[in-house]
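Coordinate inspection notes
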Amino acid sequence: MKYRCVRCGKSASTLNGFTCGCGGTLEVVHAFPEVSLDVFGQRLSHIDGPFSSGVWRYKELIHPRIGTDSIVTRPEGNTNLYRRGAVSSYTGVERLQLKHEGENPTGSFKDRGMTVAVSEAVRSGANIVACASTGNTSASMAAYAAQAGLKAVVFIPEGEISYGKLAQALAYGAQVIQVRGNFDDAMRVVKEGGSELGFYILNSLNPWRVEGQKSIVFEMLQQRRWQPPDWIVVPAGNLGNTAAFGKALRELKELGLIDKVPRLASIQAEGANPFYRFWRGKHNRLEPMKPDTIASAIKIGNPVSWVKALDSIRMTDGAVEQVSDTEIMEAKAIVDSSGVGCEPASAASVAGARKLREMSDIAPDEEVVCVLTGNLLKDPENTVKYHLGELQTVDARRMNKPVQVEPDIGSIEQLLKQLNGQPMEAAVSGH
Ligand SMILES: *Cc1c(COP(=O)(O)O)cnc(C)c1O
Ligand SMILES: [Zn+2]
């Protein structure tokens, strides 16, 4: 096992500084042991221990050599794959599935990368772990650091992360440092802290995060009995998932474990779309921008993993698309009212699938898996504001507004008549 710079190709044997001397990001290069899909199938019967995790079940493809006593696992993964008629109708894609990563222990897919990177931190003897975060990375890191007994320091953009996520980081006992700036400023500080202050960095700059996130693809394929869909659609912020999914598919193909490689679609918010603009433009470098979107988890203007992500999109003959905040919140309202529910950034995948279908990139009979990255309860403020019609930049066409009433049965009956346009008895006598 070694590391390779994705920009200049140079190999390294340690993660020293977390970036290559040329400034490029590193990826893990494995010498894979012999493995078959049957092994992963047999492990589905494990009810405890590392192989009951939806990440460590695929240990041979993620971190073959780590000893099980270094592994820090909740366990994570084992998230559901849903079909919902309302979401299929909305996107125009009949055969659509939702892979709900909000069902992980701390409520987002970040746990999949974190279990691997924290285990590696333990293995390598780290003391202080650190990350910059739009919220979910800090929540996840704080929980896994607490479990492993490591000191955790999180850098968050002041006033920009949702309460659900901030609450987790504080509650799990991390030292929270609010940076007067945006995520990209916080990320820069952490990178400097990595080399100057000896922090063990747990952002997706850390290639072990990416290794863990590959398991989203492995688990989803296993749930589909190793039949790849035509498309995998994922929200894109720092581009760690886009990078991880491409690497997962490339490795599965090289190992002969799948024949067909699904196309990967990476979906950005219009106000935080540097990767989309790069993909559409003619520059040979990504141009950082000042990000602005209601979907705080993808509010990133200078994504760390763009070189790897570009590789993923090219390798899978994929697509990069953008969606507006109104499209994101409307797709979220559809996912939410189907009973599944997700946080705003997650719904970018569903909004993106709808857009790619409208533009005929996705054909109506193709099979699509949209990844929902985070849990509905992560961002209650924006969900409530949407349904109250209080989001300035969003046209809330799927509003579900609460109503007020006096606490007596006559007023309630009156109100229900107004709401339903029918007398109460009719509804009651149906029983
Ligand atoms: C981190 C996060 C993203 C962005 O993922 P990247 O891998 O950084 O592109 C999207 N949605 C949610 C809920 C997240 O927590
Ligand atoms: Zn390099």
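Here the residue numbering is sequential within each chain, running from 1 through the sequence in written order. In the order they appear in the text, chains get letters beginning with A and ligands get numbers beginning with 1. Per-residue local features of the predicted model are confined to residues with pLDDT of at least 70, and side-chain atom pairs are confined, for both listing and counting, to 80 or more; whole-chain, interface and lining totals are unaffected and use all residues. Calculated side-chain values reflect all of the structure's heavy atoms, with hydrogen atoms and water omitted.

Focus: the overall build of the chain
- Per the convention used, a helix needs a DSSP run of H or I reaching at least four residues, while a strand needs a run of E reaching at least two, with both numbered from the N terminus. Scanning the chain from N- to C-terminus turns up 16 helices and 13 strands.
- In terms of overall size, the chain behaves like a compact globule, its C-alpha atoms giving a radius of gyration of 22 Å where 431 residues would be expected to give roughly 22 Å.
- The C-alpha extent of the chain, read off along each of the three principal axes, is 75 × 50 × 45 Å.
- Using a 1.4 Å probe on the protein chains alone, a residue whose accessible area is under 20% of its type maximum counts as buried, one over 50% counts as exposed, and one in between counts as partly exposed. Every one of the 431 residues in the chain was classed for burial, and the buried ones make up 58%.
- Computed by Shrake-Rupley with a 1.4 Å probe, the accessible areas treat only the displayed protein chains as cover when residues are assessed. Accessible surface, the chain: about 18000 Å² in total, of which carbon and sulfur atoms supply 47%.
- Two residue types count as positive, namely Lys and Arg, and two as negative, namely Asp and Glu; His and chain ends fall outside the count. One atom stands in for each charge, and that atom is NZ of Lys, CZ of Arg, CG of Asp or CD of Glu. Of the charged side chains in the chain, 48 are positive and 48 negative, and the gap between their average positions amounts to 5 Å. Every radius of gyration here is taken over C-alpha atoms, with the globule rule written as 2.2 Å times N^0.38, N being the number of residues.

Topic: the pairing of strand β1 (residues 2–5)
- Residues Tyr3 and Cys5 point to one face of β1 and are all buried, whereas Lys2 and Arg4, pointing to the other face, are not buried.
- Here the rule is simple: two strands pair whenever DSSP picks up at least two bridges between them. As paired strands, β1 and strand β3 (residues 26–29) are joined by four bridges and run antiparallel to one another. Along β3, the bridge assignment pairs Lys2 with Val29.
- Alignment of β1 against strand β2 (residues 11–12), held across two bridges, turns out to be antiparallel.

Points about the side chain of Ser296
- Mapped onto the elements of the fold, Ser296 is located in the loop between α10 (274–280) and α11 (306–315).
- When residues no more than four places from it in sequence are discounted, the contact partners of Ser296 are Thr134, Glu160 and Lys165. By the convention used here, residues are in contact when the closest approach between their heavy atoms is within 4.5 Å.

Digging into the coordination of the zinc ion (ligand 2)
- For Na, K and Ca the donor cut-off is 3.2 Å, while for other metals it is 2.8 Å, and in both cases only N, O and S atoms qualify; water is not among them, so sites may look incomplete. Those protein atoms acting as donors to the zinc ion (ligand 2) are Cys5 (SG), Cys8 (SG), Cys20 (SG) and Cys22 (SG), and they sit at 2.3 Å.
- Residue class for Cys22 comes out partly exposed when judged on its relative accessible area of 31%.

Some remarks on the nonpolar core
- Ranked by internal contacts, the top residues of the largest apolar core, which has 86 residues, are Val129, Tyr200, Phe245 and Phe275.
- For this core, the element with the highest residue contribution is helix α8 (residues 207–223), accounting for seven residues.
- When residues no more than four places from it in sequence are discounted, the contact partners of Phe275 are Leu239, Ser266, Gln268, Leu286, Trp306, Ala309, Leu310, Ile313 and Val320.
- Ile267, Ala345, Ala351 and Leu356 belong to the second largest nonpolar core, which has 33 residues in total. Buried residues of nine kinds, namely Ala, Val, Leu, Ile, Met, Phe, Trp, Tyr and Cys, make up a nonpolar core once their side-chain atoms join them within 4.5 Å.

Some details on the pattern of salt bridges
- Should a side-chain nitrogen of Lys or Arg be within 4 Å of a carboxyl oxygen of Asp or Glu, the pair is scored as a salt bridge. Tallied over the full model, the rule gives 27 salt bridges.
- Notably, a salt bridge pairs Glu27 with Arg250, separated by 3.6 Å at the nearest N-O pair. Of the two residues, Glu27 is situated in strand β3 and Arg250 in helix α9 (residues 240–254); the sequence distance between them amounts to 223 residues.
- Residues Arg95 and Glu367 are paired through a salt bridge, measuring 3.8 Å at the closest nitrogen-oxygen approach. On the criterion of sequence distance, the pair formed by Arg95 in the loop between α3 (85–91) and β5 (96–100) and Glu367 in the loop between α13 (348–358) and β13 (368–372) is long-range, its members being 272 residues apart.
- A residue is classified by how much of its surface remains accessible, and Glu367, at 18% relative accessible area, is buried.
- A network of salt bridges, in which partner residues are shared, links Arg57, Lys99, Glu101, Arg112 and Glu219.

Points about the packing of aromatic side chains
- Each pair of aromatic rings taken from Phe, Tyr and Trp, with Trp reduced to its six-membered ring, is defined by centres within 6.5 Å and is described as stacked if the planes are under 30 degrees apart, edge-to-face if over 60, and tilted in the remaining cases. Applying the stated criterion across every chain, the model contains eight aromatic pairs.
- Consider the rings of Tyr3 and Trp208, whose centres lie 6.3 Å apart with planes at 90 degrees: the pair is edge-to-face. Highlighted residues: Tyr3 in strand β1 and Trp208 in helix α8, separated in sequence by 205 residues.
- Residue Tyr3 is classed as buried on the basis of its relative accessible area of 3%.
- Overall, Trp208 belongs to the buried group, its relative accessible area being 0%.
- A centroid spacing of 5.1 Å and a plane angle of 65 degrees characterise the contact between Phe278 and Trp306, whose relative ring orientation is edge-to-face. Within this pair, whereas Phe278 is found in helix α10, its partner Trp306 is found in helix α11, the two being separated by 28 residues in sequence.
- By way of ring pairs, the aromatic residues Phe40, Tyr58, Phe218 and Trp226 are connected into one cluster.
- Positioned over the ring face of Phe51 is Arg43, at 3.8 Å from the centre of the ring. When the NZ atom of lysine or the CZ atom of arginine is within 6 Å of a ring's centre and also within 35 degrees of its normal, the charge is said to sit over that ring.

Focus: the site of ligand 1
- Taken together, 15 residues lie around ligand 1, and Lys110, Asn136, Gly237, Asn241 and Thr373 are the ones closest in.
- Residues adjacent in sequence count toward polar contacts only when both atoms are side-chain atoms; beyond that, a polar contact is any pair of N or O atoms within 3.5 Å, and within protein one must be able to donate a hydrogen and the other to accept it. In this structure, Asn136 approaches ligand 1 through a side-chain N or O atom, which is 2.7 Å from an oxygen atom.
- Between ligand 1 and the protein, one listed contact pairs an oxygen atom with a backbone N or O atom of Gly237 at 2.7 Å.
- About the coverage of ligand 1: the protein hides 97% of its 380 Å² of free accessible area.
- Any residue outside Ala, Val, Leu, Ile, Met, Phe, Trp, Tyr, Cys, Pro, Asp, Glu, Lys and Arg is labelled polar, Gly included; the first ten of those are nonpolar and the last four are charged. Classifying every residue of the shell around ligand 1 gives six nonpolar, seven polar and two charged. Proximity is defined per residue: any heavy atom of the residue falling within 4 Å of a molecule or strand makes that residue near it.

Points about the domain arrangement of the chain
- Domain borders in the structure are assigned automatically or taken from a domain database. Considered domain by domain, the chain is made up of domain 1 (81–107 + 209–382) and domain 2 (403–431).
- For domain 1 and domain 2, the distance between their C-alpha centroids amounts to 42 Å.

What about the environment of Val350?
- One can find Val350 in helix α13.
- The sequence separation of Val350 and Asp38 amounts to 312 residues, and the corresponding C-alpha distance is 32 Å.

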